[in-house]
Amino acid sequence: MSVLESIKEKAKASKRCIVLAEGTEKRTLKAAESILKEGIAELIMLGDEDEFKKSAPSSVLDGVTFRDPSNSPDTERLAQELYELRKNKGVTIEKARQLVLDPLYYGVMLVKMGQADGMVAGAIHSTPDVLRPALQIIKTAPGIALVSGCFLMEVPNSSYGHDGVFIFADCGVNPNPNAEELAHIAVTSANTFKNLVGAEPRVAMLSFSTKGSAQHELVDKVVQATQIAKQLAPDIALDGELQVDAALVESVAELKAPGSPVGGKANVLIFPDLQAGNIGYKLVERLAGATAVGPICQGIAKPVNDLSRGCKPEDIVDAVAITAVQSM
Ligand SMILES: CC(C)(COP(=O)(O)OP(=O)(O)OC[C@H]1O[C@@H](n2cnc3c(N)ncnc32)[C@H](O)[C@@H]1OP(=O)(O)O)[C@@H](O)C(=O)NCCC(=O)NCCS
Ligand SMILES: CC(=O)OP(=O)(O)O
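None of these values were measured; they are calculated from a predicted model. (Residues numbered from 1 in each chain as written. Chains lettered and ligands numbered in written order. Predicted model: local features only at pLDDT ≥ 70, side-chain atom pairs only at ≥ 80, totals over all residues. Heavy atoms only, no water.)

A. Quick look at the environment of Leu146. The residue Leu146 is located in the loop between α8 (127-137) and β5 (148-154) in this model. The buried category is assigned to Leu146, whose relative accessible area is 17%. Taking the C-alpha atoms as reference points, Leu146 and Leu101, 45 residues apart in sequence, are found 28 Å from one another. Ignoring anything within four residues of it in the chain, the contact list for Leu146 reads Thr140, Asn174, Glu181, Ile185, Gln298 and Gly299. (Helix = DSSP H or I, 4+ residues; strand = E, 2+ residues; numbered from the N terminus. Buried < 20%, exposed > 50% of the residue type's maximum accessible area, 1.4 Å probe, protein only. Contact = heavy atoms within 4.5 Å.)

Below is the structure:
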């Protein structure tokens, strides 16, 4: 059974309630049909009611809870709650009433208030628009300072990583993490790998240099992040700085990084910044035909996960299953 199949099985066994904030979007409706058919989660779908009645297939119309934030009995109560949560940030009650009409804010409020276990959106909204309400309202998990975005990658017919399965990070949130932030991203990503894949993470801190082969301030950041991450989590197999070929390929690792504990067998790839991470995951998805699920938010107090606007319905199904498992 593949890693994603086993995640779906776990989700089915727990029947969590997940909000799909883009409830009238075509790929989301298709995904909802599969989620209901396979019993992966219960769904609350948000959007314009007329639009939903027009576009939802009958199985979805009958099988989900639908809410239109502009016409829902709990909108005013959620606005009051949002006001209480954000008044110290200058949000007035009028502003809170306006914000909850946006399904992305309304959906995050449902999760915050415990009426849903998690939320997925991003098929038509950009990442900043999806993540801002979650970061403002749900905030980081206890003991975590930084939320980051990883992808669960399943590369077909690959023996690299964990039989082709990887976590890539940060591909979604922090544009230019400093060394300390990069170290935190590495440690959180190792935990995400352990929780979702159920195997031991081997973390590579990626660069254009391997063990001093190039000198540059960009490399220095990765070297420093590696030191900090080792101090933060001495039990994790983690090494850097490594080029991606040294991280993945045994023979290259023997040449460039002999003795490295993760060289040639890394399954968690930490990119030095968001440009590299976002480009990297899309290259592997498009050129290697990998399944790429995410950005999965790590370090957030309750699961809210993003999608790429280029996603397929199956990616939304996978993201819902992962969201359900994260909420356990
Ligand atoms: C994530 C992102 C939207 C947050 O930045 P922003 O919109 O400017 O938001 P702000 O800086 O105003 O922060 C809003 C809140 O989120 C918090 N926050 C922002 N980034 C955070 C992070 N990485 N971890 C934890 N909290 C964070 C802030 O502390 C702030 O909290 P507060 O309002 O309670 O004080 C921004 O970093 C971003 O646009 N990242 C790139 C996303 C992207 O385009 N990805 C590529 C495609 S996947
Ligand atoms: C994750 C990501 O890159 O999202 P989008 O393609 O929507 O910008």
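From this point, things continue past the structure.
B. Just helix α10 (residues 179-197), in detail. End to end, α10 covers 26 Å across 19 residues, agreeing with the expected 27 Å (1.5 Å per residue, within 8%). Capping the start of α10, Asn178 holds a side-chain oxygen 3.1 Å from the backbone nitrogen of Glu180, two or three residues further along. Backbone geometry just downstream of α10 places Gly198 in the positive-phi region, at approximately 75°. (Expected span 1.5 Å × (residues − 1). Polar contact = N/O pair within 3.5 Å; in protein donor to acceptor, adjacent residues only side chain to side chain.)

C. Up close: the pairing of strand β7 (residues 202-206). The buried count for β7 comes to 4 of 5 residues, which makes it a mostly enclosed element. Pairing analysis gives 5 bridges linking β7 to strand β8 (residues 237-242), with the strands arranged parallel. Bridged to Arg202 within β8 is Ala237. One crossover worth recording links β7 to the parallel β8 by way of helix α11 (residues 217-232), and it is right-handed. Bridge count for β7 against strand β9 (residues 268-270) is 3 bridges, and the pairing is parallel. (Pairing = 2+ DSSP bridges. Right-handed = clockwise from strand over helix to strand, strands pointing away.)

D. Summary view of the sheet that holds strand β4 (residues 118-120). If you walk across this open sheet you meet the 5 strands as β3-β2-β1-β4-β11, and the pairing is parallel. Two strands bound the open sheet, and with one partner strand each, they are β3 (65-67) and β11 (304-305).

E. Representation of the UniProt feature "domain: Phosphate acetyl/butaryl transferase" (unreviewed entry) in the chain in the model. Annotation from UniProt places "domain: Phosphate acetyl/butaryl transferase" (unreviewed entry) at residues 3-324. Note that residues 3-324 is 48% helix and 16% strand, and that its end C-alpha atoms are spaced 15 Å apart. (UniProt positions renumbered as here; feature names shortened; annotations may be inferred.)

F. Examining the site of ligand 1 more closely. By nearness alone, 17 residues border ligand 1, and Arg86, Lys89, Arg132, Lys139 and Val173 come closest of all. With respect to ligand 1, the backbone of Gly172 contributes an N or O atom lying 2.9 Å from a nitrogen atom. Protein chains bury 63% of the 930 Å² of accessible surface belonging to ligand 1 in isolation. Counting only elements with at least two residues in the shell around ligand 1, the list comes to α8 and α14 (274-287). Counted by class, the shell around ligand 1 contains 7 nonpolar, 6 polar and 4 charged residues. (Near = heavy atom within 4 Å. Areas by Shrake-Rupley, 256 points an atom, 1.4 Å probe, with all protein chains shown as cover. Nonpolar A, V, L, I, M, F, W, Y, C, P; charged D, E, K, R; others polar.)

G. Representation of the site of ligand 2 in the model. With respect to spatial proximity, the complete set of residues near ligand 2 consists of Thr127, Phe151, Asn278, Tyr281, Lys282, Pro295, Ser308 and Arg309. Within the side chain of Lys282, a nitrogen or oxygen atom sits 2.9 Å from an oxygen atom of ligand 2. The contact in question runs from an oxygen atom of ligand 2 to an N or O atom on the side chain of Arg309, over 2.7 Å. The fraction of the free accessible surface of ligand 2 (260 Å²) that becomes covered by protein chains is 87%. Looking at side-chain class alone, the shell around ligand 2 contains 3 nonpolar, 3 polar and 2 charged residues.

H. Up close: α11. Under the 1.5 Å per step criterion, the end-to-end length of α11 is 22 Å for 16 residues, consistent within 8% with the ideal 22 Å. Residues of α11 that are buried include every one of Val219, Lys221, Val222, Ala225, Thr226, Ile228 and Ala229, and no others.

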